[in-house]
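Architecture at a glance
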Amino acid sequence: MNCSISSKLLENYDNYYDAESEWRSLGAVDKAANIVEMCGSHPHSTVVEIGCGEGAILERLSRLKFGDSLFALEISRTGVEFTRKRAIPQLVDCKLFDGCSIPYSDGRFDLAILSHVVEHLEHPRTMICEAARVAKAVFVEVPLEDTLRMTKDYVFDTVGHINFYSPKTIRRLLQTCDLEVVDQRITSGSRPSYQYRLGRVRGLLTHCVKDSLLRCSRSVATRLFTYNCALLCTKA
């Protein structure tokens, strides 16, 4: 497969997970809830998370008894180390991989998860197609950062987002990978996540404003603020 990850991104992610993050563990609650709600009625005995980070989502899924056998792939060495240290009961294997080709056979899994990963990918279609190759269904969640508030020019930062999506563009991206979108949902973060990041009062106000606006007009809300978009796909 003609694909490689730039040294700049590899260096950024290799030591990215220097400690277990309370922020990522808190975010994993919302992300895992979306996975369970949208994928719970579909087969999910065998699950692979592509770009598992430090394993916070997998640990949450394990606690929720989602999946009998969990697998993980990650390009960051520190991410693999922290995921293994968690000793997640259902975790069968956590592998370091090249970010391009998935080292499993066709149709190996019921479900592949790409949660807040696609916005980081240099070759998003390559990885999405690989996910669809090894799994019967693919779950993708991204932040909707293509808003009116987005700056004109791109500037690299250590968070590593290099792709920016709207509800329409992430849906079309998946469809161009020969996937059928069977469910798509836009969510605002939970109140605790906003309060952790912004403080008790400001976090509560921000959560209420964004949640109310999303309920009133999804199109207006997603043009003004960043939300999360989750999609469940099967092969077209």
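Structure report, in brief. (Residues numbered from 1 in each chain as written. Predicted model: local features only at pLDDT ≥ 70, side-chain atom pairs only at ≥ 80, totals over all residues. Heavy atoms only, no water.)

**Focus on the overall build of the protein chain**
Helix and strand counts for the protein chain come out as 9 helices and 7 strands. Computed over C-alpha atoms, the radius of gyration of the protein chain comes to 17 Å, within 12% of the 18 Å expected from 2.2 N^0.38 for 236 residues, which places it in the range of a compact globule. Each principal axis of the C-alpha atoms in the protein chain carries an extent, and together these give about 45 × 40 × 40 Å. The buried share of the protein chain, reckoned over its 236 residues, is 48%. The long-range fraction of contacts in the protein chain, counting pairs at least 24 apart against all pairs at least 6 apart in sequence, stands at 73%. (Helix = DSSP H or I, 4+ residues; strand = E, 2+ residues; numbered from the N terminus. Rg over C-alpha atoms; globule rule 2.2 N^0.38 Å. Buried < 20%, exposed > 50% of the residue type's maximum accessible area, 1.4 Å probe, protein only. Contact = heavy atoms within 4.5 Å.)

**With respect to the environment of Gln184**
Following the sequence through the fold, Gln184 ends up in strand β6 (residues 179-187). Residue classification places Gln184 among the buried positions, given a relative accessible area of 18%. Sequence separation between Gln184 and Cys233 is 49 residues, and the spatial gap between their C-alpha atoms is 8.9 Å. Non-local contacts of Gln184, meaning those with residues more than four positions away in its chain, are made with Met38, Pro167, Arg171, Cys229, Ala230 and Leu231.

**Here we look at the side chain of Ser188**
Locating Ser188 in the fold gives a position in the loop between β6 and α7 (191-198). Taking the relative accessible area as the measure of exposure, Ser188 reaches 16% and is therefore buried. In terms of polar contacts, Ser188 uses its side chain to reach the side chain of Tyr194, at 3.1 Å. The residues touching Ser188, leaving out its near neighbours within four places in the chain, are Tyr194, Lys210, Asp211, Leu214 and Tyr227. (Polar contact = N/O pair within 3.5 Å; in protein donor to acceptor, adjacent residues only side chain to side chain.)

**Some points on the side chain of Glu141**
Following the sequence through the fold, Glu141 ends up in strand β5 (residues 135-143). Buried charged residue Glu141 carries no salt bridge. Nearest counter-charge: Lys31, at 6.3 Å. Residues within four places of Glu141 in sequence aside, it is in contact with Lys31, Asn34, Leu114, Ser115, His116, Val117, Glu119, Asn228, Cys229 and Ala230. (Lys, Arg positive; Asp, Glu negative; His and termini not counted. Salt bridge = Lys/Arg side-chain N within 4 Å of Asp/Glu carboxyl O.)

**Re the pattern of salt bridges**
By the definition in use, this model includes 11 salt bridges. The salt bridge partner of Glu37 is Arg185, with a shortest N-O separation of 2.9 Å. Taken together, the residues span a long stretch of sequence, with Glu37 in helix α2 (residues 22-39) and Arg185 in strand β6 at a distance of 148 residues. A relative accessible area of 30% places Arg185 in the partly exposed class. What emerges from the salt-bridge pattern is a single network uniting Arg24, Glu54, Glu59, Arg63 and Arg86.

**Quick word on the nonpolar core**
Residues Ile50, Leu114, Val118 and Ile170 are the most contacted members of the largest nonpolar core, which totals 37 residues. If you list the elements that add at least two residues to this core, you get β1 (46-50), β2 (69-74), β4 (109-115), α5 (124-134), β5, α6 (167-175), β6 and β7 (228-235). No other element matches the 5 residues that α5 contributes to this core. When neighbours within four sequence positions are excluded, Ile170 is seen to be in contact with Val118, Val140, Val142, Tyr165, Cys229 and Leu231. Residues Ala28, Val47, Leu58 and Ile113 belong to the second largest nonpolar core, which totals 24 residues. (Core = buried A, V, L, I, M, F, W, Y, C linked by side-chain atoms within 4.5 Å.)

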